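So you can see what is in the structure, the chains are spelled out below.
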Amino acid sequence: MKPIILKKIIIWLLLTLNLLFAFVIGLTIPLLESKSNYNLGIVMIPLLIILNYIILDRFHYYLKHIKDSEGELDPKT
Amino acid sequence: MSKIKKPTIEFNNRKYVFTIWSILLLAIGAPLSAYLIYLFFDWKAQFWLHEIVVKQTVYFLNIFFNMGAKAEFAPSGKYFWRFSIPGRSPIYFETFCTGIQAICIFAGIIIFTPHSQDPKTREDIVWRKTKALIVSSVIFYVVNIIRMLIQIDLYYIGYEWNDIHFSISAASSFIAVIIVILMHRWIPEFIISIIYTGTLVSEPVKQKRKKKVMEMVESSNKAELKQMGKILRMEKKTFLRDISSWADDFGYTIEEDYLIIPPDKISKFIQMLMQDKPFKDES
C-alpha cells in the first residue's frame, strides 16, 4: 500500500472518531439529569473543533513530507 | 544571561534549544493553569462531569458485581451526586473523585512544555502534545473508574470506607509514573527542558572555573588538579588514575596538587580549555 493511502486512511479514521464523539455528546446531553447538562456540549464541542484542526494539520504535515521525499527521489520534478 | 551561549541538547537525532522565557512560562503557567482548570471543573455549572462519572461507575458496578448500586441526585450540600450501595450508607461524590486533578496537572505540563527553537524538532510538536494530552487523560479517566469499582466493591462486601479509600487512592497514583514515561516518548521536551535549566544554571559556574584556571596557567604555568578534574568531569573514585594518564597524553606533568604545563604548550592548553567541550576534540 502506498504510504499516502495509509496516511489518508489514518486521517479518515481520526476524523470519523471525532465526529462519532460529537454525536455521542449530542446523544448524552438530553439523558443527563444535571441542570447544567448543556455545558457538556459547550465545553467539549470547542475542544473537538480544535482537535479537528489538529488532525487536518497533521494531514498537511504528511502531504508535505511525502512531497518532499518524492522531490528528493526525482530532482527533475 | 544573554551573554551565555545557548546550549544545545541532542536526543534521538533531534536538537533541543529553549528560550529562558519558555522555561519560565512552564514553571509558572503549568501549576497556574492546572489550578484554574481544576477550579473550572469544581464549579457547579460543570457538575455534568460528576454525573457522567457516577453513572458510568454504577453501570460497571452492576455489570461486574451485580450489586444493585444506584446513582442518586442529591443537591443538598456542596456536591450533588452520591452512590447508593444496598445495605451500606451512601458515598458522596466530589470533584476529586473524578480524577480531574491528575488530568489538570498533566494538561498544564503538556500545554506549557517549551517548544524547541530548532524548526525541524518543533515541526510536529502540536500533534505530539495533542497525542500525549488525549492518551494521558483517557488513561487517568479509565484508571480512576477502575479504582472506584474496586473501592466500592470492597465497601459493599464489608470493609470500612476509611480503611480502603485513602490507601487505594494513593496506590492508584502509580499510574502517574506510566504517564510520565509515555509523555517522555512523545514530548521529550518536558524532561529535556528540566535538564536544559540545569545546564543554563551551571554554565556561568563552568565559565568562571575555566577563567580562573586560564588566569593561573598564564601567570604561573600550573593549574589546580581539583579544578581540572571538575572541568574534565572526572569521577572522584578514579580521579587520580585518570588525571595522570590524561596529563601523560597531553605532555603535562603532575606535581603535588598541581598540573604543570610546559611553556610551549600554554597557548594550546588555553585554546583547548576554552572549547565548549574542553580537551575533548584533541583527546
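This write-up is about the structure you can find in this document. (Residues numbered from 1 in each chain as written. Chains lettered and ligands numbered in written order. Predicted model: local features only at pLDDT ≥ 70, side-chain atom pairs only at ≥ 80, totals over all residues. Heavy atoms only, no water.)

Positionally, B:Phe47 belongs in the loop between helix H1 (20–41) and helix H2 (48–64). B:Phe47 sits in the buried class, given a relative accessible area of 2%. (Helix = DSSP H or I, 4+ residues; strand = E, 2+ residues; numbered from the N terminus. Buried < 20%, exposed > 50% of the residue type's maximum accessible area, 1.4 Å probe, protein only.)

Next up on the list: the packing of aromatic side chains. All names here are of chain B. Counted by the stated rule, this structure contains 21 aromatic pairs over all chains. Taken together, a centroid distance of 5.1 Å and an interplanar angle of 50° make the contact between Phe 73 and Trp 81 tilted. Take Trp 81: its relative accessible area is 1%, and that puts it in the buried class. Residues Phe 106 and Phe 140 carry aromatic rings whose centres are separated by 5.3 Å and whose planes lie at 45° to one another, so their mutual orientation is tilted. Linking Phe 106 in helix H3 (residues 100–112) with Phe 140 in helix H5 (residues 125–156), this pair joins segments that are 34 residues apart in sequence. For Phe 106, a relative accessible area of 8% corresponds to the buried category. Among the residues examined, Phe 140 registers a relative accessible area of 8% and is labelled buried. Counting every residue linked through ring pairs, the aromatic cluster contains Phe 47, Phe 73, Tyr 79, Phe 80 and Trp 81. Sitting over the ring of Tyr 155, Arg 88 keeps its end group 4.3 Å from the ring centre. Sitting above the plane of the Tyr 258 ring, Lys 222 keeps its charged end 4.4 Å from the centroid. (Phe/Tyr/Trp six-rings, centres within 6.5 Å; stacked < 30°, edge-to-face > 60°. Lys NZ or Arg CZ within 6 Å of the ring centre and 35° of its normal.)

The subject of this paragraph is the sheet that holds strand S7 (residues 253–255) of chain B. All names here are of chain B. Spatial ordering of the open sheet is given by S6-S8-S7, a layout of 3 strands whose pairing is antiparallel. Since the sheet does not close on itself, it has two edges, and those belong to strand S6 (222–224) and S7, each with one partner. Averaged over all adjacent pairs, the angle separating strand axes in this sheet is 30°, with direction ignored. Where S6 lies against strand S8 (residues 258–260), 3 bridges are found, and the strand directions are antiparallel. Residue Lys 222 lies in a different strand from S8, and its bridge partner there is Ile 260. (Pairing = 2+ DSSP bridges. Axes fitted to C-alpha atoms, helices over the stretch in contact; angles between N-to-C directions.)

Further remarks concern unusual backbone geometry. Residue and element names in this part refer to chain B. The phi dihedral of Asn 13 is positive, around 60°, even though this residue is not glycine. When you line up the elements, Asn 13 lands in the loop between strand S1 (9–11) and strand S2 (14–16). Its relative accessible area of 80% is what places Asn 13 among the exposed residues. Residues other than glycine seldom take positive phi values, yet Glu 256 does so here, at roughly 50°. Within the secondary structure, Glu 256 sits in the loop between S7 and S8. Glu 256 sits in the exposed class, given a relative accessible area of 75%.

With that out of the way, let us pick up the interface of chain A and chain B. Contacts between the two partners involve 16 residues from chain A, matched on the other side by 18 residues from chain B. Each partner contributes to the roughly 1500 Å² buried at the junction of chain A and chain B, and carbon and sulfur atoms together form 64% of this total. Among the residues chain A hides against chain B, the three largest losses belong to A:Glu33, A:Ile54 and A:Arg58. Together they make up 30% of the total. Connecting chain A to chain B are 2 salt bridges. For the pair chain A and chain B, the interface holds 7 residue pairs in polar contact (both at pLDDT 80 or more). Of all the elements, helix H2 (residues 39–73) of chain A adds the most residues to the side of chain A that touches chain B, at 10 residues. Grouping the constituent residues of the side of chain A that touches chain B by class yields 9 nonpolar, 4 polar and 3 charged. (Contact = heavy atoms within 4.5 Å. Buried area = accessible area lost by both parts, 1.4 Å probe. Salt bridge = Lys/Arg side-chain N within 4 Å of Asp/Glu carboxyl O. Polar contact = N/O pair within 3.5 Å; in protein donor to acceptor, adjacent residues only side chain to side chain. Nonpolar A, V, L, I, M, F, W, Y, C, P; charged D, E, K, R; others polar.)

A word on the pairing of strand S4 (residues 81–84) of chain B. Along any regular strand, the residues point their side chains to alternate faces of the sheet. All names here are of chain B. Of the pairings in the sheet, the one linking strand S3 (residues 70–73) to S4 comprises 4 bridges and is antiparallel in character. Paired with Phe 73 across the bridge in S4 is Trp 81. Where S4 and strand S5 (residues 91–92) come together, 2 bridges link them in antiparallel fashion. Pairing of Phe 83 across the sheet is with Ile 91, part of S5. From the end of S4 to the start of S5, which pair antiparallel, there are 6 residues, and Gly 87 there has a positive phi angle of about 80°.

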